Amino acid sequence: EERIRVCSGLIELDPGNASRYKTEILWVTKELKVFEGLRHLENTRVYIDVESLKPWARRELGELFERYTRLAVIEVDLPKVSVATALAQFIVDRQPLAESLSVVEDTEANRVLGQILSTLRHQLLFHPRHGLEFYLSSRVRHGVIGGRLRAPVQSRDLLTTRDEGSQRYSPDSPWIERIEHTSPEQRQAVGEAFATFSEGYNAEINQLVKAKLHVRSAGHPEGLIDMDALNSPLVFNLIGEKLRQVETFDDFYEAATAYSSASIGPSLEAVQRTLREEVKPRLLDAIRQLESRISSCLRPEQYGELRAALRSASTELQDTVDAVSRWFKLGSAEDLSVGFEIGDIVDIAVQSVKLCNKGFEPQLETDYRVTQQWGAAMLSELSDILFIALSNVAEHSKVGPSPWASISVVEHTERGELEVRVHSQVADGVFNPAGVRELEQIKGEILAKTYASKAQGEGKTGLIKISNILSQHQSHSLDFGFLGPSEFFVHLSMSFLYYQPYELPAAGPQKEPV
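Residues numbered from 1 in each chain as written. Predicted model: local features only at pLDDT ≥ 70, side-chain atom pairs only at ≥ 80, totals over all residues. Heavy atoms only, no water.

## Description of the environment of Gln 472
So, step 1. If you trace the backbone, Gln 472 turns up in the loop between α17 (462-470) and β4 (476-482).
So, step 2. Gln 472 sits 342 residues away from His 130 along the chain, and the two C-alpha atoms are 10.0 Å apart.
So, step 3. For Gln 472, the side chain forms a polar contact with the side chain of Glu 381, separated by 2.9 Å. (Helix = DSSP H or I, 4+ residues; strand = E, 2+ residues; numbered from the N terminus. Polar contact = N/O pair within 3.5 Å; in protein donor to acceptor, adjacent residues only side chain to side chain.)

Written out as structure tokens, the structure is:
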């Protein structure tokens, strides 16, 4: 912003170079919009779409709310001192809590309230499109946090690839050719060191993504995220006291979701601690062990450049872990100060992919025929879709760091739709019968609408996630596949109008721990 002010002043002081300063202002303004968009995405990676769940809640919980309010008036004997006041006195003045506040009375009103909170909690956590587990899957686990944590070592060629058949990591590191004057024995030892490092480093990240960064359930018993604070009798009584004071369902829903969302806070803080105090030390130790193994088979003068790469990777990794740990606070919808043109949204998506795939520099062709600007909702939605599509290019095209890709976005105002087409280059061998069969299977699942649980999972679920995002629009389409042996495409369209959220499916049964 300071740069913009300086250039604006220079236009008046140096009119002969005004066009140059105006170009600079346009460039800086665009960069600021991209930065603001990235900041918005970073702040909403851990998210629950509470507003979109409200119509479902009104339909499913409205009668229970009416019943609760009637029962509460009849049954509840309000204490002389409110729960909130007693809690404040306990915290500030260390006054003992009344024993009754630590027990939930067995009344019909409390049983109904318990049913409401349990049902609401389940949807906030597991709704297939608006719940926390879906956003964790699409915005954190699906190539995002793994890519970020691998980037410091991957960009320095410290990770080797894994053979798809044997599942073993290759000892063929580019560093073997860069280290001079090595014997065959040294080259073998260095290769084995890199293979061992790659296996251990990736195993640590896979454990984090596959086991830890989930809402805890029977399917993911090691998941770190929960709403267990709601199980506290004191919290239950505090919520009950607050909800007895509201008159409308909307006020009830706002209060209930606020308490429920706040109850996730302690577990998100636990995720932050896990990243900083467990994951970071183990990843740094893996780098140190790699350096130790290298030093045991090479002379110091042989690996000076490699040693510098290992040290700089460690420094960047520390900053990266600290940055991603800050994702783990519950994001909220926000009004952004600017609208985004479609080119801005594509740039934001490309930058997000580059952050997770260091060295990825696609040869990108674009075609935009869109007149309007977009706010936070469409920014998030299109960025999620384009991130998945471009991540597939980065990870599966097997072309190298600079594949050809094109993105076309066309606005069809006459039918109220946005059409997006992504085409990309693939290497020889990517197009094969097994790959075609796999894509046909995914299309079948999408047509049969049997993919809801997969949309919250990882591993070849990107196209299913795109379909799940599109499913909230009144009209939408999705097609994908190969255009011959060297090109892949993703075509989609979506209406500007959304379904009313109550028309979307609710979360199915989940085996949550008691």
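## As for empty space enclosed by the protein
Taking a probe equal in size to a water molecule and rolling it over the atoms shows the remaining empty space.
So, step 1. Evaluation of the coordinates by the stated rule reveals one cavity of 30 Å³ or more.
So, step 2. Considering only enclosed or pocket space, the largest cavity measures out at about 130 Å³ in volume.
So, step 3. Along the walls of the largest cavity sit Leu 41, Thr 44, Arg 45, Ser 138, Arg 139, Val 144, Ser 352, Ser 383, Asp 384, Phe 387 and Ile 388, which together make up its complete lining.
So, step 4. Those elements that provide at least two residues to the lining of the largest cavity are α6 (132-141) and α15 (376-396).
So, step 5. No other element matches α15, which puts four residues into the lining of the largest cavity. (1 Å grid on protein atoms, 1.4 Å probe; cavity = no way out; pocket = protein on both sides within 12 Å on 5 of 7 lines; lining within 4 Å. Points joined across faces, edges and corners; volume = space filled by probe spheres on them.)

## Remarks on unusual backbone geometry
So, step 1. Unlike most non-glycine residues, Gln 167 shows phi in positive territory, near 65°.
So, step 2. With respect to the helices and strands, Gln 167 occurs in the loop between α7 (145-154) and α8 (174-178).
So, step 3. Overall, Gln 167 belongs to the partly exposed group, its relative accessible area being 41%.
So, step 4. Although it is not a glycine, His 181 sits at a positive phi angle of roughly 60°.
So, step 5. Within the element layout of this structure, His 181 appears in the loop between α8 and α9 (184-212).
So, step 6. Under the relative-accessibility criterion, His 181 is labelled exposed at 68%. (Buried < 20%, exposed > 50% of the residue type's maximum accessible area, 1.4 Å probe, protein only.)

## Let's talk about the side chain of His 142
So, step 1. Position of His 142 among the secondary structure elements: in the loop between α6 and α7.
So, step 2. Ignoring anything within four residues of it in the chain, the contact list for His 142 reads Ser 137, Phe 387, Ile 388, Glu 458, Thr 461, Gly 462 and Lys 465. (Contact = heavy atoms within 4.5 Å.)

## A few points about the sheet that holds strand β3 (residues 417-425)
So, step 1. Pairing within the open sheet is mixed, and its five strands lie in the order β1-β2-β3-β5-β4. Looking at the sheet topology across the chains shown, the edges are occupied by β1 (363-369) and β4. Between one strand axis and the next, the sheet turns by 5° as a mean value, whatever way the strands run.
So, step 2. Bridge analysis of β3 against strand β5 (residues 487-495) gives nine bridges, and the strand direction is antiparallel. The partner of Glu 419 across the bridge, within β5, is Ser 493.
So, step 3. Across the face of the sheet, α15 comes into contact with β2 (404-412), β3 and β5 while running at roughly 20° to β3. (Pairing = 2+ DSSP bridges. Axes fitted to C-alpha atoms, helices over the stretch in contact; angles between N-to-C directions.)

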